[in-house]
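Survey of secondary and tertiary structure
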Amino acid sequence: MAEGGEALLCCMCLDPLEEPLIVPCGHNYCRTCISVFCDGEEEANNIYRCPQCKKRSSPRPVRVRHRLAELLEELERSRIQDDSYEGPEDVACDFCTRTKVKASKSCLVCMASYCEEHLELHHEVAPLKRHKLVDPSKKLQENICSQHDEVMKIFCRTDQQCICILCSMEDHKNHDMVSAAGERSEKQRELQESRAEMQKNIQDRKEDLELLEQTMKNINLSADQTVEDIENIFTELIRLTLRKSFELQKEVRSKQKTEVSRLRELQVELEQEIIELKKRDLELERLFLTEDHLQFILSYSSMSALSTSTHPSIIHQGWGPQNYFEEVTAVVSELTDHLFHILMDDWNKVCQTVENVDVSVPPPEPTSRAGFLQYSQDITLDPNTAHSMLELSEGNRKVTVSRGDQSRPDHPHRFTVYAQALSTEALTGRCYWEVDWTGTMVRVAVAYKSISRAGNGNECVFGHNDKSWMLFCTHNKYILFHNVQTCVSGPQWSRIGVYLDHSAGILSFYSITETMTLLHRVHTTFTEPLHAGVQMCWNQGDSAEFCQLSQEP
């Protein structure tokens, strides 16, 4: 590196020249380097030797190389612009003596950071190859015990802090201690669970938004239809009736605006919550990928508690296609029979009907078995529906595949081909029941009373038509049937829980072990009361029993 034959490096320290001086022989030195040398090598009569060529000269070298200094300044500026040199946000190499080069790795054993040049020994020397290298870190000193100046490789669970080996033998003796790596693994597992829950919250919020949009659409459609019906009715009435019609339309529009406005506010809140959850999830992801065990633990411990949603999930709470203002239309139709009397004397009744339109968030589905049991429904099978090869017992709660025909009389409600039976009870509102089964397989179902009974077509078998829903259960798989089949995953067990919210259009199937695991949830609109059902395989002795939940502790 030269200009006009003049070297830009100090002949002594071999680094870029600082305050360059030139000796009579032509060699260049840093002012500090040559001054120190001359102080120790001064001879009689102020004669000095050049450290490189040994030529004697006098007087002491003091000639400043101004042009050389300018070139060095330009070189330094170009180096600062070079990506290989340390910037304000970079970690500097601890072994670069002059211009600092940014580090490419930090060593958790040496507790130092290295540029690519000084890192070579870690790639070449066998003992150094075993050192733990991580991305450059400015926080290496936080890994050093302030009391003993030792690397902290132990985590004290008793005091919830990182300690060194000497701490473990002194202040933390007999405490519950693990390695930093072991504690990281545990915290990382917790972090994974937290992220999974965070992602589930994000997905729930997205589904809530979709449901809100659909609900607002349904409100608007329902309100529009109601307004149209009202207008058609009132156009046949006299001027007074028409005026009241306009007043009622105004009430509906006002309610529509109020409800939609309220839901839009909730929509904005949910959108903002998704943004915040995504930001939080990104922070958790960055922490999860931190390679430094101690930094991971320190950052994890300092994190604030995970944000929890301020809104209960509404995706499974029964909002669906409804004519929210249907009752208003019905009441208006009654006006045609009473006309003037109703308009003048009962007008408040009509206005109150509009006010009573409710688009509130329905109560959520229970989250514990105790919560489901408050909706427990005793189920008994109707003997008039049971196939002749099915034996009923335990007060018609248990069905077993028998050896022969049970000689039951013909009945229009009896299933003639498939080994099926329906409950006596018609199910509306919120209901919960459980089915315990033994044998090869069982099909747990719900169906409308209007399902076909005679014949072997799809219209008669649970789950293969639009009048029934069926969960096919074996010891190694679940399949949900409703015209089409849907594979379902979950723990295999011999007890199935069924939750029905008829008005909300929710039908949920659960696997009951020590805990409840959701297998599948159906969202639809039920048009008739439902009946619980069961279908058996033709294996003799297979059974299914509707449990008496109210008698369980």
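Keep in mind it's a predicted model, so treat the numbers as computed, not measured.

**Let's talk about the side chain of Glu 425**
Here Glu 425 shows up in the loop between β16 (420–422) and β17 (430–438). Buried and unpaired, Glu 425 has no salt bridge, with Arg 397 as the nearest side chain of opposite charge at 9.5 Å. Ignoring anything within four residues of it in the chain, the contact list for Glu 425 reads Gln 377, Asp 378, Ile 379, Thr 380, Leu 530 and His 531.

**Points about the packing of aromatic side chains**
Scanning all chains against the criterion turns up 10 aromatic pairs. Where Phe 372 meets Tyr 432, the ring centres are 5.1 Å apart and the plane angle is 35 degrees; that geometry is what we call tilted. Highlighted residues: Phe 372 in helix α12 (residues 369–373) and Tyr 432 in strand β17, separated in sequence by 60 residues. Here the aromatic rings of Phe 415 and Phe 462 are separated by 5.5 Å at their centres, their planes lie at 80 degrees, and the arrangement is edge-to-face. With Phe 415 in the loop between β15 (398–401) and β16 and Phe 462 in the loop between β18 (442–448) and β19 (468–473), this pair connects stretches of sequence that are 47 residues apart. Residues Phe 415 and Phe 462 agree in their burial class; the two are buried. Taken together through their ring pairs, the aromatic side chains of Phe 372, Tyr 375, Tyr 432, Tyr 499 and Tyr 510 make up a single cluster. Between Arg 184 and the ring centre of Phe 296, over which it is positioned, the NZ or CZ distance is 4.8 Å.

**Examining the sheet that holds strand β12 (residues 161–163)**
Strands sit in the order β12-β11-β13 across an open sheet of three strands; the sheet is antiparallel. Single-partner strands in this sheet number two, and they are β12 and β13 (177–179). Within the sheet, the average angular offset between the axes of one strand and its neighbour, ignoring direction, is 35 degrees. Bridge count for strand β11 (residues 154–156) against β12 is three bridges, and the pairing is antiparallel. Residue pairing in the sheet places Phe 155 in a bridge with Cys 162 of β12.

**Description of unusual backbone geometry**
Trans is the common state for peptide bonds, and a negative phi is the common state for residues other than glycine. Within the chain, Met 111 stands out as a residue other than glycine whose phi angle is a positive 55 degrees. Its location among the elements puts Met 111 in the loop between β8 (105–107) and β9 (112–114). Using a relative accessible area of 12% as the deciding quantity, one classes Met 111 as buried.

**As for the nonpolar core**
By size, the foremost hydrophobic cluster in this structure holds 45 residues, and its most contacted members are Leu 191, Ile 230, Leu 248, Val 252, Phe 325, Val 328 and Val 332. Mapped onto this core, the elements with two or more residues apiece are β11, β12, α6 (180–234), α7 (239–288), α8 (293–302), α9 (326–338) and α11 (347–355). Looking at this core element by element, the count peaks at 13 residues for α6. Setting aside its immediate chain neighbours within four residues, Val 252 contacts Ala 223, Val 227, Ile 230, Phe 325, Val 328 and Val 354.

**With respect to a negative patch on the surface**
Residues Glu 116, Glu 117, Glu 120 and Glu 124 make up a contiguous surface patch of negative charge. Turning to its location among the elements, Glu 120 is positioned in helix α3 (residues 120–124). Taking relative accessible area as the criterion, Glu 120 reaches 42% and is therefore assigned partly exposed.

**Some points on the state of the cysteines**
All chains considered together, the criterion is met by zero disulfides. Not engaged in a disulfide, the cysteine Cys 93 finds its nearest cysteine sulfur in Cys 115; these two sulfurs lie 3.7 Å apart. Looking at Cys 93, the relative accessible area reads 1%, which means it is buried. Cys 115 sits in the buried class, given a relative accessible area of 4%.

The rules behind each value
Residues numbered from 1 in each chain as written. Predicted model: local features only at pLDDT ≥ 70, side-chain atom pairs only at ≥ 80, totals over all residues. Heavy atoms only, no water. Helix = DSSP H or I, 4+ residues; strand = E, 2+ residues; numbered from the N terminus. Buried < 20%, exposed > 50% of the residue type's maximum accessible area, 1.4 Å probe, protein only. Lys, Arg positive; Asp, Glu negative; His and termini not counted. Salt bridge = Lys/Arg side-chain N within 4 Å of Asp/Glu carboxyl O. Contact = heavy atoms within 4.5 Å. Phe/Tyr/Trp six-rings, centres within 6.5 Å; stacked < 30°, edge-to-face > 60°. Lys NZ or Arg CZ within 6 Å of the ring centre and 35° of its normal. Pairing = 2+ DSSP bridges. Axes fitted to C-alpha atoms, helices over the stretch in contact; angles between N-to-C directions. Core = buried A, V, L, I, M, F, W, Y, C linked by side-chain atoms within 4.5 Å. Patch = residues over 30% accessible without salt bridge, like charges linked within 9 Å, V, L, I, M, F, W, Y side chains within 5 Å. Areas by Shrake-Rupley, 256 points an atom, 1.4 Å probe, with all protein chains shown as cover. Charge placed at Lys NZ, Arg CZ, Asp CG, Glu CD. Disulfide = S-S within 2.5 Å.

By themselves, these observations are geometric and do not establish any function.
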